Amino acid sequence: MSNTFGKRFCMTTFGESHGKAIGCILDGVPAGLEIDEEFIQSELDRRKPGKNAYATARKEPDSVEILSGVFEGVSTGTPIAMVIYNTNQKSKDYSNIKDLFRPGHADFTYWEKYGIRDYRGGGRSSARETAARVAAGAIAKLMLKRVGVEVKSGIFKIGDIEAKEYDFEYAKTSEIFALDPLVESQQKETILKAKEAHDSIGGAALVRATGVPVGLGEPIYYKLDAVLAEAMMGINAVKGVEIGEGVESAKLYGSENNDEMTKEGFVTHHAGGTLGGISSGDTLDIKVYFKPTPSIFKPMKTLNIHGEEVTCELKGRHDPCVAIRGSVVAEAMAALVIADMMLLNMGRKMDDVARYYSKNV
Ligand SMILES: Cc1cc2nc3c(=O)[nH]c(=O)nc-3n(C[C@H](O)[C@H](O)[C@H](O)COP(=O)(O)O)c2cc1C
Ligand SMILES: C=C(O[C@@H]1CC(C(=O)O)=C[C@@H](OP(=O)(O)O)[C@H]1O)C(=O)O
């Protein structure tokens with residue numbers, strides 16, 4: 001199915017921003033995993049809209065309901081379906097964009113591709129869909145927790161204000177998930193200034209996974225770094241992904257970029273946790289770059305569906321900086337990739353296969 005993400009831990013989502021509900025189906029979750037619903041909800045609460053001045057004003061509780069695949073609190077190995085009902089649609093706000101294309105959003109391409117468009121707040125192209133990914137990612141995290149893997153994230157960059165230090169514990173307490181308390185106030189000010197000017201601003205998140213075992217990822221196709229990049233680029237508004245040193249490595253000499261190895265482990269961490277598409281056992285570091293929110297409240301030139309030049313003047317509720325909530329989505333996608341890769345990697349050595357089936361030998 002082209003709309004499924006993952007090979008062994010597979011997710012697909014459904015729903016539109018102003019439709020009845022959004023949700024996901026997650027297949028391949030091993031049986032016997034305790035499904036902590038409070039944890040899933042707490043992950044959704046981290047992403048949900050309407051929480052503060054740095055997010056869209058749309059207020060959604062994002063209460064998740066599990067429909068299948070869980071019995072007496074434990075996964076059964078059958079598909080887990082989860083639904084989140086939309087409660088705060090204000091579709092009338094979008095009647096003025098019914099026939100025109102918002103610059104920077106997906107209105108034009110959806111219209112050209114399908115010839116029909118759910119214009120109520122972006123419909124399927126709205127990042128409201130990402131709530132369902134966070135629900136699926138929370139289940140991936142529950143599986144990863146059982147095997148000692150942790151995935152976390154935080155904001156390192158807003159506009160050109162960049163963190164000097166990364167403090168993931170601090171990010172958990174910060175309204176904007178800032179990794180660096182020293183630059184946080186400047187980052188917040190940058191967002192609020194953009195918002196007051198009826199504009200938006202870009203930003204970037206760092207996703208870090210610790211405890212990732214060596215050996216995840218296929219050596220040629222389905223490389224770990226390639227799949228992580230696809231997972232991140234598949235999030236709305238993501239325009240760049242870096243693993244480890246990323247684009248900066250193009251400025252370095254090999255002698256500077258190579259991570260020397262000792263019995264204690266890697267001396268430096270430029271590779272960001274993958275070598276040859278396979279996890280190295282080092283911390284995985286993924287930088288995810290988000291463009292500024294396309295829906296802004298400044299008049300913009302555009303075309304309508306009849307090909308006429310018109311002015312786009314927007315209403316509706318929009319994030320001033322999508323990277324903030326986007327960082328939670330990036331974290332969920334990383335957890336899904338790692339969970340998928342872990343299941344895919346089982347039974348790759350004959351000894352492991354023999355050990356598993358030894359009772360039949
Ligand atoms: C968490 C999150 C929230 C977003 N909120 C908005 C929003 O309020 N308004 C908007 O126009 N775009 C928002 N976006 C971005 C659009 O969904 C996205 O730019 C659009 O689908 C076009 O896709 P593209 O930017 O990947 O090309 C958000 C993205 C994310 C990840
Ligand atoms: C509702 C959410 O975010 C939305 C993401 C979004 C977009 O275009 O991506 C546009 C806005 O909503 P609407 O679809 O109503 O225009 C945001 O409020 C959410 O994240 O739950």
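About the cut-offs
Residues numbered from 1 in each chain as written. Chains lettered and ligands numbered in written order. Predicted model: local features only at pLDDT ≥ 70, side-chain atom pairs only at ≥ 80, totals over all residues. Near = placed C-beta within 6 Å. Nonpolar A, V, L, I, M, F, W, Y, C, P; charged D, E, K, R; others polar. Axes fitted to C-alpha atoms, helices over the stretch in contact; angles between N-to-C directions. Helix = DSSP H or I, 4+ residues; strand = E, 2+ residues; numbered from the N terminus. Parallel < 35°, antiparallel > 145°, perpendicular 65-115°, else oblique. Left-handed = near helix turned anticlockwise from the far one by under 90°. Contact = placed C-beta atoms within 7 Å. UniProt positions renumbered as here; feature names shortened; annotations may be inferred. Expected span 1.5 Å × (residues − 1). Buried ≥ 20, exposed ≤ 12 C-beta atoms within 10 Å, placed from the backbone. Arc of directions from axis to C-beta. Core = buried A, V, L, I, M, F, W, Y, C linked by C-beta atoms within 7 Å. Pairing = 2+ DSSP bridges.

Visitor: I'm lost on the site of ligand 2 in this one. Help?
Guide: Taken together, 15 residues form the shell around ligand 2, and within it S17, T56, G121, S126 and A127 come nearest. The residue makeup of the shell around ligand 2, split by class, is three nonpolar, eight polar and four charged.

Visitor: Hey, could you run me through the packing of helix α1 (residues 37–47) against helix α3 (residues 130–146) in this one?
Guide: For any two helices packed against each other, one specifies the inter-axial angle together with the distance between the axes. Taken N-terminus to C-terminus, the directions of α1 and α3 make an angle of 140°; their axes are 9 Å apart at the nearest point. One element, α1, and the other, α3, form an angle in the oblique class. Where α1 crosses over α3, the two elements pack in a sense that is right-handed. Each of F39, I40, E43, L44 and R47 in α1 lies in contact with α3, whose residues at this interface are T130, A131, V134, A135, G137, A138, I139 and L142.

Visitor: Would you mind going over the site of ligand 1 with me for this structure?
Guide: As a structural note, the neighbourhood of ligand 1 is formed by 20 residues, with A127, N236, S295, H318 and G326 the closest of them. Element by element, the count of residues in the shell around ligand 1 is highest for helix α8 (residues 323–344), at three residues. Residues that form the shell around ligand 1 fall into these classes: seven nonpolar, ten polar and three charged.

Visitor: Is there a simple way to think about the UniProt feature "binding site: NADP(+)" (unreviewed entry) in the chain in this case?
Guide: Feature annotation in UniProt assigns "binding site: NADP(+)" (unreviewed entry) to the following positions: R47. By the element assignment, R47 lies in helix α1. With sequence-adjacent residues up to four places away left out, R47 is seen in contact with T130, A131, V134, R325, V328 and V329.

Visitor: Can you walk me through helix α5 (residues 181–196) in this structure?
Guide: Residues spaced three or four apart along an α-helix point in a common direction, a consequence of the helix completing one turn every 3.6 residues. Here α5 spans 23 Å end to end across 16 residues, near enough to the 22 Å set by a 1.5 Å rise per residue. Inspection of α5 places V183, E184, Q187, K188, I191, A194 and K195 among the buried residues, and these make up the whole buried set. In an axial view of α5, the angular spread of the buried residues amounts to 150°, which keeps them on one side of the axis. Facing away from the buried side of α5, by more than 90 degrees, are the exposed residues L182, S185, E189 and E196.

Visitor: Help me understand the nonpolar core in this model?
Guide: For soluble globular proteins, the rule of thumb is that nonpolar side chains tend to be buried together. In this structure, A135, V288, A334, L336 and I338 are the most contacted members of the largest nonpolar core, which totals 84 residues. Counting residues per element, this core draws most heavily on α8, which supplies 15 residues. Residues Y94, F101, Y119 and C312 belong to the second largest nonpolar core, which totals six residues.

Visitor: It is not clear to me how the sheet that holds strand β10 (residues 238–243) should be interpreted in this structure. Could you clarify?
Guide: Within a sheet, adjacent strands bond to each other through the backbone by hydrogen bonds, running parallel or antiparallel. Here five strands make up an open sheet; going across it, the order is β8-β7-β9-β15-β10 and the pairing antiparallel. Edge strands, defined here as strands with exactly one partner in the open sheet, are β8 (161–162) and β10. Sheet topology places strand β7 (residues 150–158) next to β8; two bridges connect them, and they run antiparallel. Paired with I158 across the bridge in β8 is I161.

Visitor: What am I meant to see in the UniProt feature "binding site: FMN" (unreviewed entry) in the chain here?
Guide: When the UniProt feature table is mapped onto this chain, "binding site: FMN" (unreviewed entry) is found at R124, S125, S126, N236, A237, G276, K291, P292, T293, P294, S295 and R317. For this annotated set, covering 194 residues, the C-alpha atoms extend up to 43.4 Å from each other, a dispersed arrangement in space. Within the secondary structure, S125 is located in the loop between α2 (107–114) and α3. For S125, a count of 18 C-beta atoms within 10 Å corresponds to the partly exposed category. The contacts of S125, once residues within four sequence positions are left out, are H105, A106 and Y110. Along the chain, the position of P292 falls in the loop between β15 (284–290) and β16 (300–303). Not counting residues within four places of it along the chain, the set of residues in contact with P292 comprises S200, I201 and G202.

Visitor: Explanation requested: the environment of F14 in the structure shown.
Guide: With respect to the secondary-structure elements, F14 resides in strand β1 (residues 10–15). Considering only alpha carbons, one finds F14 and G347, 333 residues apart in sequence, at a separation of 33 Å. In contact with F14, other than residues within four places in its own chain, are I22 and G23.

Visitor: Just checking my understanding: could you explain the sheet that holds strand β2 (residues 21–27) for this structure?
Guide: The sheet built from four strands is open, its strands ordered β1-β2-β6-β3 with antiparallel pairing. On the outer flanks of this sheet lie β1 and β3 (64–68), each paired with one strand and no other. Between one strand and the next, the sheet's axes are offset by a mean angle of 20°, whatever the strand orientation. Sheet topology places β2 next to strand β6 (residues 80–85); six bridges connect them, and they run antiparallel. Bridged to A21 within β6 is Y85. Sheet strands touched by α3: β1, β2, β3 and β6. Its angle to β2, the strand with the most contacts, is close to 30°.

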